[in-house]
Amino acid sequence: MDGKKIDVDSLLVLTFTNAAASEMKAKITKAITDSIKAGEHSKFLRSQLSKVPSSNISTFHAFELEVVRRYFHVIGISPSFSICDEADAEILKENAFQAY
């Protein structure tokens, strides 16, 4: 908020936890809101404030999942792919181990 106009859409912020991603969005929202209250670039900042909820601020895993969902056709997987849970992962590991 030091006078530079940075579009929230141009940010990619990756965290290790959902809590950290939520905290980052809250900090950005507060900084924008405080600047609007101070009268700084209010038209631009108001537009940015509306973009924060859908901004690219997430965990590494959520970002990776979004990339795979968006480009499934490029990497050659089914668009209806799913992420296995821990139980399924253990079964797959055991089957792979027994196959070799």
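These numbers come from a predicted model, not from an experiment.

1. Remarks on the nonpolar core
Within soluble globular proteins, side chains that are nonpolar tend to cluster in buried spots. Val8, Val13, Ala21, Ile28, Ile32, Ile36, Leu45, Val52 and Ile57 together form the largest nonpolar core, which totals 9 residues. For this core, the element with the highest residue contribution is helix H1 (residues 18-37), accounting for 4 residues. If we skip the residues at most four places from it in the chain, Val52 touches Val8, Lys25, Ile28, Thr29 and Ile32.

2. Quick notes on the side chain of Gln48
Inspection of the secondary structure puts Gln48 in helix H2 (residues 42-51). Only 2.5 Å separates the side chain of Gln48 from the backbone nitrogen of Val8, close enough to count as a polar contact. The residues contacting Gln48, other than those within four sequence positions of it, are Ile6, Asp7, Val8, Asp9 and Ile32.

3. Describing the pairing of strand S1 (residues 12-15)
Across the two faces of S1 the burial differs, with Val13 and Thr15 buried and Leu12 and Leu14 not buried at all. Here S1 pairs with strand S2 (residues 56-59) via 4 bridges, running parallel. In the strand pairing of S2, Thr15 is matched with Thr59.

About the cut-offs
Residues numbered from 1 in each chain as written. Predicted model: local features only at pLDDT ≥ 70, side-chain atom pairs only at ≥ 80, totals over all residues. Heavy atoms only, no water. Core = buried A, V, L, I, M, F, W, Y, C linked by side-chain atoms within 4.5 Å. Buried < 20%, exposed > 50% of the residue type's maximum accessible area, 1.4 Å probe, protein only. Helix = DSSP H or I, 4+ residues; strand = E, 2+ residues; numbered from the N terminus. Contact = heavy atoms within 4.5 Å. Polar contact = N/O pair within 3.5 Å; in protein donor to acceptor, adjacent residues only side chain to side chain. Pairing = 2+ DSSP bridges.

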